[in-house]
Amino acid sequence: MNQDPDYPILPPNEFSHKELVYALEKISEFDSFLESIIQHESPTQLILEGIRDWFLEQGFTGFGIQVDFTYEQYQVLEGLDSSIFNLATCPTNHYRYLLSVSGRCFGKVALCTERSKNPFSEEFYRYLGNLLMEGVDNLLYMRGMAIIKQQLIEKIQDEFQSATLGNGIHLILKQLLELVDFSNVLIVFEEFDFPSGYLIRTLFFEKDQWIRSGSAKFHPAQTLVSDISRVSQLSHEMVQENLEFLDFRAGDIFVAPQKEPVGRVFLTLEERNTSSFLDDILEILIRALEEVLTRYFRDKSHLSRHFSPGHVERLLDTLQKEKHLAPSEKNCGIIYADISGFTSLSEKVLKTPARIANFVNQWSQLVLEILYSRGGAYDKLVGDCMIGIFGPPFFEWERPECIQRLVDCSIEISQGTRSMVLDPELQNAIQTEMPDYQLGVAIGINYTPLFVGQLGPGRSYSGLSSGMNETARLQGLAVNGEILFLDHMIEEIHSRELPFMITGPFSQKVKNVAEALKYYRMKIS
């Protein structure tokens, strides 16, 4: 009950039948009034002013209300001074009430009447005001929670643009600590991590401070989506191992477009708490975590299109992610790797679009793993030609190391393609239709200035320069088992003393390049 703190509320049997009938009528009218406010979704200030006007219409001669929604505070007064809320005791014919739900006080209301203008006793108006405050309580509590949730989400949206996952969660927990005193938070969620597969991630916080994280690989058939009970058990075990607590709350985390939960959050308490306010806080925490994880998964998915898992993790953990991805002119290594004889292979052996696509997917997966293992970034796949860039996103290598990584990657791609395990049916078809065919690649590499970064409407990571065009034309001169590189790279490559035959220099005029290309050949097989 939201009792006047100055006087006890008399029980209903102390009032006349006429007074009780009047009270029921007013409660019904007030409920209808509040329902109309909810339906109109009026701003908070107008809601409070509407409540004021309704009370004044019922014969109350003064009304005051103060509410504190953590992020927003409001006050409406009519016929009363704000000092009414601070007086030790209330004057005659004045009534004060606390607005609270589940023991959480979020406001005060003051009313006053003028005996000569009202047909009922002062005790009855105190009793009536207390009954009506139940509706005010519930309405303003819901409004307050909506404001807290909206403000929290807006803060996340404003501050998470440059925040990491850990910092984003820290921002949420820091705000929640202003609302409720919790002990620890454990967050468990699943994600797909190339090339490791499905992982369970755990993040553990004391108050709003990150303490530790972990991950465990598991089979897709045992993912959180298909086995929520197993992950719940795992989460409970981790909580039991790490925490001493008397109470906790747990809730599922959903991220669109998934229809099943992708995670669970545990909010632990040092004291038992049965307050429904805590359940509302947990709901806000879950919604905020969903916002953060949605952004995290979206950013990770986008970055994983171009960068290795290690580079993706570093980008997601830095506050300067956008700076690293912004277009700029940098010296980069470039590789063009093209499947030799692919046109004939497609026409004579693969034949159907599905088999062609499956073959290219298998090969490109192999090449991508090699590219990422050497620190390269994926630009694009054009037909059967894969384009990679060395240097992005952190540009930490000097020219010699960048060229070394570029050459090592090229050699591994050439050797890996040659030894790629094919489907037995496909292997037999090649031996039958193209008995002299040897699976391999023709590669062109270069080290050149690029304007590189997230480009275009899809913000794909790519590079632009005449050097890209030169590398593409250079690759077109290569044959199966060859790596061609421009003559300005010969010093770094010769210093490696590689066990492969290098011949040149050669000079060749090519289409859409003003000067003839001067290059060397490295024969891998």
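Shown above is the structure to which this text applies.
Residues numbered from 1 in each chain as written. Predicted model: local features only at pLDDT ≥ 70, side-chain atom pairs only at ≥ 80, totals over all residues. Heavy atoms only, no water.

Asks: What am I meant to see in the packing of helix α10 (residues 353-373) against helix α11 (residues 399-418) here?
Replies: How two helices pack is summed up by the angle between their axes together with the distance between the axes. In contact at an axis separation of 9 Å, α10 and α11 are set at 150 degrees when each is read in the N-to-C sense. Taken together, α10 and α11 sit at an angle that is classed as roughly antiparallel. Helix-helix and strand crossings are classified by hand; for α10 and α11 the assignment is right-handed. Residues W363, L366, V367, I370, L371 and S373 of α10 lie in contact with α11, whose contacting residues are C409, E412, I413, G416 and T417. Classifying every residue of the contact of α10 with α11 gives seven nonpolar, three polar and one charged. (Axes fitted to C-alpha atoms, helices over the stretch in contact; angles between N-to-C directions. Helix = DSSP H or I, 4+ residues; strand = E, 2+ residues; numbered from the N terminus. Parallel < 35°, antiparallel > 145°, perpendicular 65-115°, else oblique. Left-handed = near helix turned anticlockwise from the far one by under 90°. Contact = heavy atoms within 4.5 Å. Nonpolar A, V, L, I, M, F, W, Y, C, P; charged D, E, K, R; others polar.)

Asks: I tried to follow unusual backbone geometry on my own but got confused; where do I start?
Replies: With the exception of glycine, most residues fall at negative phi, and the peptide bonds are largely trans. Cis geometry marks the peptide bond from P392 to P393, where omega comes out at 0 degrees. Relative to the elements of secondary structure, P393 occurs in the loop between β12 (385-390) and α11. In this model, E41 sits at a positive phi of 50 degrees, which is unusual for a non-glycine residue. When you line up the elements, E41 lands in the loop between α1 (17-40) and α2 (44-57). Among the residues examined, E41 registers a relative accessible area of 66% and is labelled exposed. With a phi close to 50 degrees, F395 is a non-glycine residue in the positive phi region. (Buried < 20%, exposed > 50% of the residue type's maximum accessible area, 1.4 Å probe, protein only.)

Asks: It is not clear to me how the packing of aromatic side chains should be interpreted in this structure. Could you clarify?
Replies: Applying the stated criterion across every chain yields a total of 27 aromatic pairs. Here the aromatic residues F15, Y22, F30, F33, W54, F55, F60, F63, F120, F124, Y125 and Y127 are joined through ring pairs into a cluster of three or more. Between the NZ or CZ atom of R314 and the centre of the ring of F394, over which it lies, the distance is 3.8 Å. The residue whose ring lies beneath K330 is F395, and the NZ or CZ to ring-centre distance is 5.3 Å. (Phe/Tyr/Trp six-rings, centres within 6.5 Å; stacked < 30°, edge-to-face > 60°. Lys NZ or Arg CZ within 6 Å of the ring centre and 35° of its normal.)

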